[in-house]
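# Examination of the molecular architecture
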Amino acid sequence: MSKKTKISGPVTLATWNINSIRARLDLMRDFLEQYSPDILCLQETKVRDDQFPHELFEVMGYTTRLIKGQPGYNGVAIFARHEIELSEKRNLCGRDDCRHIAAKLPDGTVLHNFYVPAGGDVPDPKKNDKFAHKLDVLAELTAWSKELKKKGSKEILVGDLNIAPLETDVWSHRQLLDVVSHTPVETEGLIAMQQARGWVDAVRHFVPPEQKLYSWWSYRSPNWELADKGRRLDHVWVSPMLQPRLKGAQVAKAMRGKEKASDHAPVLVTIDLA
């Protein structure tokens, strides 16, 4: 069993919508053995806190584990090999639905892990309450980002934001303009949220915006890899002062092809927090 250690030098953090942690423990073990991130953020854990499967993470050296879950859906978690402490558990738009958890890292950086609502299938807030709620969450997070900018502190924001903002974040911009996750009102809302803080897209810092990049491939496509009809729904953003410390980024696409895979692939970013 690993002991807690303080952060020293570059660390790799991963964000992953696991789509039910208890159903994918073997997949998680494979990922941790292959990529071994220092910090792991999960969304859609879909399990109550008192039923969370801690054993695997303890054995793999994640001795600090912060969780916020509920049965059947949603749920977020942050695990670390280092000493971190709980910073906050926000309720978005007044709902206690386990979509946010934050940790304070040893250097003072606050790491926020979000699971933004998917928004249902109909991109009309008047006809679809789920879509209306998603837009409300975006508005709230935009106001929150403005407040963070005033503080000028160090933050990292990760998670399944359920929006692919750029034309190159989807397999077909034209065909997905009316599909939830890439409609103009969503992409414009997410960009407004990003600009409100000056958030830096850590992955696009390394991957040019002209290059196609995805982190999610639908279960509905049996030949998902061949068709490659993906969307980039999973993001890592950093406050501007952390941009010079970014060292690398990747999407672990291979995990999407594993047995009993999540429809999301992990996104990893390496950053110097020393």
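Structure: above.
Keep in mind that what you see is a predicted model, and the values were worked out from it rather than measured.

Each value, and the rule that gives it
Residues numbered from 1 in each chain as written. Predicted model: local features only at pLDDT ≥ 70, side-chain atom pairs only at ≥ 80, totals over all residues. Heavy atoms only, no water. Buried < 20%, exposed > 50% of the residue type's maximum accessible area, 1.4 Å probe, protein only. Helix = DSSP H or I, 4+ residues; strand = E, 2+ residues; numbered from the N terminus. Arc of directions from axis to C-beta. Contact = heavy atoms within 4.5 Å. Polar contact = N/O pair within 3.5 Å; in protein donor to acceptor, adjacent residues only side chain to side chain. 1 Å grid on protein atoms, 1.4 Å probe; cavity = no way out; pocket = protein on both sides within 12 Å on 5 of 7 lines; lining within 4 Å. Points joined across faces, edges and corners; volume = space filled by probe spheres on them. Nonpolar A, V, L, I, M, F, W, Y, C, P; charged D, E, K, R; others polar. Pairing = 2+ DSSP bridges. Axes fitted to C-alpha atoms, helices over the stretch in contact; angles between N-to-C directions. Phe/Tyr/Trp six-rings, centres within 6.5 Å; stacked < 30°, edge-to-face > 60°. Lys NZ or Arg CZ within 6 Å of the ring centre and 35° of its normal. Expected span 1.5 Å × (residues − 1). Salt bridge = Lys/Arg side-chain N within 4 Å of Asp/Glu carboxyl O.

### Remarks on helix 1 (residues 25–35)
Inspection of helix 1 places Leu27, Met28, Phe31 and Leu32 among the buried residues, and these make up the whole buried set. Summarising the axial view, the buried residues of helix 1 lie within an arc of 130°, below the 170-degree limit, and thus occupy one face. The exposed set on the far side of helix 1, more than 90 degrees from its buried face, consists of Asp26 and Glu33. Buried residues along helix 1 sit in contact with strand 1 (10–17), strand 2 (39–43), helix 2 (54–59) and strand 14 (267–272). At the C-terminal side of helix 1, Ser36 shows a positive phi close to 45°.

### Examining the environment of Asp160
Its place among the elements puts Asp160 in strand 8 (residues 155–160). Overall, Asp160 belongs to the buried group, its relative accessible area being 1%. Remark: the alpha-carbon pair of Asp160 and Phe114, spanning 46 residues in sequence, is separated by 6.5 Å. In this structure Asp160 touches Asn17, Gln43, Phe114, Tyr115, Val116, Leu233, Asp234 and His264, once residues within four positions along its chain are discounted. Only 2.8 Å separates the side chain of Asp160 from the side chain of Asn17, close enough to count as a polar contact. A distance of 3.0 Å separates a polar atom in the side chain of Asp160 from the backbone nitrogen of Asn162.

### Concerning empty space enclosed by the protein
Summed over the entire model, instances satisfying the criterion amount to one cavity of 30 Å³ or more. Its volume calculated, the largest cavity comes out at about 30 Å³. Forming the walls of the largest cavity are Thr45, Val47, Arg48, Asp49, Phe52, Ile67, Lys68, Gly69, Val76 and Ala77. Secondary-structure elements contributing two or more residues to the lining of the largest cavity are strand 3 (64–68) and strand 4 (76–80). Class assignment of the residues belonging to the lining of the largest cavity gives a composition of five nonpolar, two polar and three charged.

### Looking at the sheet that holds strand 14
Judged by pairing direction, the sheet is mixed, and its six strands sit side by side in the order 3-4-2-1-14-13 without closing on themselves. Edge positions in the sheet fall to strand 3 and strand 13 (246–251), since each has one partner strand and no second. Looking at each pair of strands side by side, their axes are set apart by 10° on average, direction ignored. By the bridge criterion, five bridges tie strand 2 to strand 4 in an arrangement that is antiparallel. Across the sheet, the residue bridging to Cys41 is Ile78, located in strand 4.

### Notes on the packing of aromatic side chains
This structure, assessed with the given rule, holds ten aromatic pairs. An aromatic cluster is built from Phe114, Trp144, Trp199 and Trp237, whose rings are joined through pairwise contacts. The cationic tip of Arg81 hangs over the ring face of Tyr62; the distance from NZ or CZ to the ring centre is 4.2 Å. The residue whose ring lies beneath Lys229 is Trp171, and the NZ or CZ to ring-centre distance is 4.6 Å.

### Concerning the pairing of strand 4
Among the five residues that make up strand 4, five are buried, leaving the element largely enclosed by the rest of the structure. The sheet contact formed by strand 3 and strand 4 spans five bridges and is antiparallel. Residue Thr64 lies in a different strand from strand 4, and its bridge partner there is Ala80.

### Side note on helix 4 (residues 184–197)
When the terminal C-alpha atoms of helix 4 are compared, their 20 Å separation across 14 residues agrees well with the 20 Å that a helix rising 1.5 Å per residue should span. What helix 4 keeps buried is the set Glu186, Thr187, Gly189, Leu190, Met193, Ala196 and Arg197. Gly198 occupies a position one or two residues after helix 4 and carries a positive phi of about 80°.

### Focus: the pattern of salt bridges
Evaluation of the coordinates by the stated rule reveals 16 salt bridges. Taking the shortest distance from any N to any O, the salt bridge between Asp107 and Lys154 comes out at 3.3 Å. Here the residue Asp107 occupies a position in the loop between strand 6 (100–104) and strand 7 (110–115), and Lys154 occupies one in the loop between helix 3 (129–151) and strand 8, the gap between them amounting to 47 residues. Note that Asp169 and Arg204 form a salt bridge whose closest N and O atoms lie 2.7 Å from each other. Here the residue Asp169 occupies a position in the loop between strand 8 and helix 4, and Arg204 occupies one in the loop between strand 9 (200–201) and strand 10 (216–217), the gap between them amounting to 35 residues.

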